[in-house]
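The residues making up each chain are set out below.
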2 protein chains.
Amino acid sequence: MTTTRPDRAIGVLGERALIERIHRRTGTLPDWVQLGIGDDAAVLAAERNASTVVTSDALVEHVHFRRDWSPMTAVGHKALAVNLSDLAAMGASPRACLLSLALPDDLPLQAFDDLVTGITDLAASARAPLVGGNISRSPGPLVVDVTAIGAVHARRVMTRAGGRPGDLLYVSGSIGAAAAGLSWLESGVDRESLDEASRQCVARFEWPTPRVRLGRVAAHSRAVTACIDLSDGLAEAVRQLAEASRTGARLSASALPIPIGARRRAESLGRDVETTALAGGEDYELLFAVARKRRRAFLGAASRCSDVPVTLIGELTEGKDLTLDRGTRLDSLPSGFRHF
Amino acid sequence: MTTTRPDRAIGVLGERALIERIHRRTGTLPDWVQLGIGDDAAVLAAERNASTVVTSDALVEHVHFRRDWSPMTAVGHKALAVNLSDLAAMGASPRACLLSLALPDDLPLQAFDDLVTGITDLAASARAPLVGGNISRSPGPLVVDVTAIGAVHARRVMTRAGGRPGDLLYVSGSIGAAAAGLSWLESGVDRESLDEASRQCVARFEWPTPRVRLGRVAAHSRAVTACIDLSDGLAEAVRQLAEASRTGARLSASALPIPIGARRRAESLGRDVETTALAGGEDYELLFAVARKRRRAFLGAASRCSDVPVTLIGELTEGKDLTLDRGTRLDSLPSGFRHF
């Protein structure tokens, strides 16, 4: 990352000049974008029988990120990734995104460009081009608010509410790494001094991978009865899915896919490994409830996403209890992570 | 506005409790909302042959509003209204909106409730229900970011770019009132002491009416070659429409619909009335370029919106010049208002 004019802040440029800088980074638009940046609103072509899926989520400086901790490309990436993760949880395909920025006057132009690059790079790879938005001044923190728009066949929508007692619970990827990464950043450690497993945790916090393809193929398998993404941690996701489905849930502690970096970090802080991983937010994995007799269809579909495994971690139950089976005893599920 | 617990700030409540307060205010959902607040994303049913129109715009405290100037219901109303105005400029019908809030910890709960009420009241009357969004803490200003989603038949979309030399320029309603209203608020005057015409200017600043129905019927008339809304003032709107259409434009100063309150305010400040009204932002009216031979169709359609008149103010021209015809002389069009 080189800064040719390190003293140049965005305050010297007007909204139109900044929008022009964004526009130059958006690249080729897919054919469903009838109208992108530059009019009063963006226009996306109709897709036959597809419902429109919309979600918005903001990253606020000093609340969700710090400029002195993370590169701005990562902040931009994450601002879009958390929204694509919400689309993934519905089984939707991304189609476009909007970016709403509130910018402090002293934000360096290079930071602005990096932020936008982080968004447009992910937007290009996810085929969710930036088609509009707005820019305001901020007398306080940098606020990066993204809206993602997707499409899904009406009968393929996955919600949180369709789970039934006996359904199997699967989680994608691994849990607890992002929270371990955040705890490393909070500790003020020089990241160059971290070992590989710990660095991966920091990367999981800064560069989450939305499970878009997995969400889509899982929705197509017709095996998933309910789905939610893990923005606030696995425990909170299980709680919300079970609440919406009016079931209880039982997880198996020994089955939880907790990577070595997250295990070591919890142990070094004297914390319980499983509780820490369950409560840790920002994993942006997917939690699925799967009808027991459709299990093979689900696993077959999931295996088509060879980059991310799914792990059986428990099941939905009758009643309302949320429990963690530790082999020798049954604990209550710990409370989740709260951004706010 | 009564505050039963004046000392209660939103900091004491969590995100879920605040979302629940919003959810209670959303009312009955139209049948196109398959899934509203409460899942990872909202889902809107497909509409046959309709393109999806999306736009987002934010109001930032101390930049766009001040809590000690305007009631929070007005701030909420305006946050949605400016987005509906963008949909109107495309000829789209509103279908839903998302709300992204960054909230200072000391925001009184009553202010939060009033803000939400301002949004949900307009959302209900515009049939654009609040279907999702997110809430974050803000270590600085209150940020109210709204995304509006609409639908329009693909062949009815109005853009800024279709104008041709000779097309007639019409503007809805009146111009300059909102800027006059803002200048009253900035002056610190006690609004109770204002006369009726001046109060109307303040109301135009605080409670803009998005011209949704007019935009829709105008788009259906097939007479409009280009359209834009007046967020940054008429002069800036003419500039952007002409630039996108690769034309010039000539406006007639004597034709401009400037209400008496705006005239008096400009005169009392020793400013030129027409220049002030042309440069004044936040009118949220619509500017139309109309094919000369389709003029009757346009006026017939516009007359179906009896609440808002349209006024012929000039025409698009060959070349690039943007001029204001003052009868005795031809001036350059003044520069527009800039939020940023």
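So, how was this worked out
Residues numbered from 1 in each chain as written. Chains lettered and ligands numbered in written order. Predicted model: local features only at pLDDT ≥ 70, side-chain atom pairs only at ≥ 80, totals over all residues. Heavy atoms only, no water. Phe/Tyr/Trp six-rings, centres within 6.5 Å; stacked < 30°, edge-to-face > 60°. Lys NZ or Arg CZ within 6 Å of the ring centre and 35° of its normal. Contact = heavy atoms within 4.5 Å. Buried area = accessible area lost by both parts, 1.4 Å probe. Salt bridge = Lys/Arg side-chain N within 4 Å of Asp/Glu carboxyl O. Polar contact = N/O pair within 3.5 Å; in protein donor to acceptor, adjacent residues only side chain to side chain. Helix = DSSP H or I, 4+ residues; strand = E, 2+ residues; numbered from the N terminus. Nonpolar A, V, L, I, M, F, W, Y, C, P; charged D, E, K, R; others polar. Core = buried A, V, L, I, M, F, W, Y, C linked by side-chain atoms within 4.5 Å. Buried < 20%, exposed > 50% of the residue type's maximum accessible area, 1.4 Å probe, protein only. Least-squares fit on C-alpha atoms with pLDDT ≥ 70 in both. Pairing = 2+ DSSP bridges. Axes fitted to C-alpha atoms, helices over the stretch in contact; angles between N-to-C directions. Arc of directions from axis to C-beta. Parallel < 35°, antiparallel > 145°, perpendicular 65-115°, else oblique. Left-handed = near helix turned anticlockwise from the far one by under 90°.

Chemist: For the packing of aromatic side chains, give the residues involved together with the corresponding values.
Modeler: Residue and element names in this part refer to chain A. On inspection of all chains with the given rule, the structure shows 4 aromatic pairs over all chains. Of the aromatic side chains, those joined through ring pairs into one cluster are Tyr170, Phe288 and Phe298. Taking NZ or CZ as reference, lysine 78 lies 3.7 Å from the ring centre of phenylalanine 205, over its face.

Chemist: Lay out the interface of chain B and chain A with the relevant residues and their values.
Modeler: If you look at the interface, chain B gives 63 residues, while chain A gives 63 residues. At the boundary of chain B with chain A, total buried surface from both sides reaches about 4,900 Å², with 56% on carbon and sulfur atoms. Where chain B touches chain A, the interface holds 8 salt bridges. Note that A:Arg16 and B:Glu243 form a salt bridge whose closest N and O atoms lie 3.1 Å from each other. Summed over the shared surface of chain B and chain A, the result is 27 residue pairs in polar contact (both at pLDDT 80 or more). If you tally residues by element for the side of chain B that touches chain A, the top one is strand E3 (residues 50–60) of chain B, at 10 residues. Considering only residue class, the side of chain B that touches chain A consists of 30 nonpolar, 19 polar and 14 charged.

Chemist: Outline the nonpolar core, supporting the account with residue identities and numerical values.
Modeler: Counting residues in hydrophobic clusters, the biggest one holds 63 residues, and the most contacted among them are A:Leu84, A:Leu103, A:Phe112, A:Val144, A:Phe288 and A:Phe298. With 10 residues, the top contributor of residues to this core is helix H2 (residues 72–90) of chain A. Beyond its immediate chain neighbours, meaning those up to four positions away, A:Phe298 contacts A:Tyr170, A:Ala218, A:Ser221, A:Ala223, A:Val224, A:Phe288, A:Val290 and A:Val310. Formed by 62 residues, the second largest nonpolar core is a distinct cluster that contains B:Leu13, B:Ile22, B:Met72 and B:Ala79.

Chemist: Please provide a residue-by-residue account of the relation of the copies chain B and chain A, values included.
Modeler: Superposing chain B onto chain A requires a rotation of 180 degrees together with a translation of 0.0 Å along the rotation axis, leaving an RMSD of 0.0 Å. Here the copies are linked by what is in effect a two-fold axis. Residues of chain B ranked by C-alpha distance from the rotation axis are headed by B:Gly140, positioned 2.4 Å from it.

Chemist: So, the sheet that holds strand E4 (residues 93–104) of chain A: which residues are in play, and what are the values?
Modeler: Strand order across the open sheet formed by 6 strands is E5(A)-E4(A)-E6(A)-E3(A)-E2(B)-E1(B), with mixed pairing between neighbours. Of all strands in the sheet, those bounded by a partner on one side alone are strand E5 (130–138) of chain A together with strand E1 (33–35) of chain B. Along the sheet, successive strands turn relative to each other by an average axial angle of 20 degrees, direction set aside. Here E4(A) pairs with E5(A) via 8 bridges, running parallel. For A:Leu99, the partnering residue across the bridge sits in E5(A) and is A:Gly133. Against the sheet, helix H1 (residues 15–24) of chain A contacts E4 and E5 of chain A, and its axis sits at roughly 145 degrees relative to E5(A). Strands in contact with H2(A) are strand E3 (50–60), E4 and strand E6 (143–153) of chain A together with E1 and strand E2 (42–44) of chain B; relative to E3(A), the strand with the most contacts, it is inclined by about 145 degrees.

Chemist: Help me get a handle on the sheet that holds strand E11 (residues 310–317) of chain A, residues and values and all.
Modeler: All names here are of chain A. One open sheet holds the 7 strands; their spatial order is E8-E10-E7-E11-E9-E12-E13, and the pairing between them is mixed. Single-partner strands in this sheet number two, and they are strand E8 (224–229) and strand E13 (330–332). In this sheet, neighbouring strand axes are inclined to one another by 30 degrees on average, regardless of whether the strands run parallel or antiparallel. Relative to E13, strand E12 (residues 322–325) is paired through 3 bridges, and the arrangement is antiparallel. Following the sheet pairing, threonine 323 is matched in E13 by serine 332. Strands in contact with H2 are E8 and strand E10 (286–290); relative to E8, the strand with the most contacts, it is inclined by about 170 degrees. Here helix H6 (residues 212–220) sits on the sheet and contacts strand E7 (168–172), E8, E10 and E11; the angle it forms with E10, its principal contact strand, is near 10 degrees.

Chemist: Tell me what's going on with the environment of A:Met90, and back it up with residues and numbers.
Modeler: Summarising the element assignment, A:Met90 is placed in helix H2. Here the alpha-carbon distance between A:Met90 and A:Asp321, two residues 231 residues apart in the chain, equals 25 Å.

Chemist: I'd like a rundown of helix H8 (residues 260–268) of chain B, residues and numbers included.
Modeler: All names here are of chain B. Gly261, Ala262, Arg265 and Ala266 are the residues of H8 that are buried. One face of H8 carries all of its buried residues, which in axial projection span an arc of 130 degrees. Among the exposed residues of H8, those oriented more than 90 degrees off its buried face are Glu267 and Ser268. Positioned one or two residues after H8, glycine 270 has a phi angle of 70 degrees, which is positive.

Chemist: Just give me the short version of the packing of helix H1 (residues 15–24) of chain B against helix H3 (residues 109–125) of chain B, but keep the residues and values in it.
Modeler: Residues and elements named next belong to chain B. Where H1 contacts H3, the two axes come as close as 10 Å, and the packing angle between them is 40 degrees. With respect to their mutual orientation, H1 and H3 come out oblique. Once H1 is placed against H3, the crossing between them reads as right-handed. Facing Leu18, Arg21 and Ile22 of H1, the residues of H3 in contact are Leu109, Phe112, Asp113 and Val116. A breakdown of the residues in the contact of H1 with H3 according to their chemical character gives 5 nonpolar, no polar and 2 charged.

Chemist: Describe the side chain of A:Glu285, listing the residues and the values that go with them.
Modeler: Residue and element names in this part refer to chain A. Topologically, glutamate 285 is positioned in the loop between helix H9 (273–279) and E10. A polar contact of 3.5 Å, which involves the side chain of glutamate 285, links it to the backbone nitrogen of serine 174. Within the structure, glutamate 285 has its side chain in polar contact with the side chain of arginine 204 (distance 3.0 Å). Beyond its immediate sequence surroundings of up to four residues, glutamate 285 is in contact with Val171, Ser172, Gly173, Ser174, Arg204, Arg211, Ile228, Asp229, Leu230 and Val308.

Chemist: An account of the pairing of E3(A) is needed here, citing residue identities and associated values.
Modeler: Of all 11 residues that make up E3(A), 10 are buried, and the element is covered over most of its length. Relative to E6(A), E3(A) is paired through 11 bridges, and the arrangement is antiparallel. Paired with A:Val60 across the strands is A:Val143, a residue of E6(A). Note that E3(A) and E2(B) share 3 bridges and pair antiparallel. Directly across from A:Val54, in E2(B), lies its bridge partner B:Ala42.

Chemist: Please set out the pattern of salt bridges residue by residue, giving values where relevant.
Modeler: A pair can form between side chains of opposite charge whenever their charged atoms are brought close. Residues and elements named next belong to chain A. A complete count under the given rule lists 46 salt bridges over all chains for this structure. For the salt bridge of aspartate 105 with arginine 137, the shortest nitrogen-to-oxygen distance reads 3.5 Å. Pair noted here: aspartate 105 is in the loop between E4 and helix H3 (109–125) and arginine 137 is in strand E5, with a separation of 32 residues, a long-range link. Classification of aspartate 105 as partly exposed rests on a relative accessible area of 38%. Between glutamate 315 and arginine 250 there is a salt bridge, with its nearest N and O atoms 3.1 Å apart. Taken together, the positions of glutamate 315 in strand E11 and arginine 250 in strand E9 (residues 248–252) put the pair 65 residues apart, joining distant regions of the chain. Put simply, Arg263, Asp272, Glu274, Arg326, Arg329 and Asp331 are held in one network by salt bridges that share partners.

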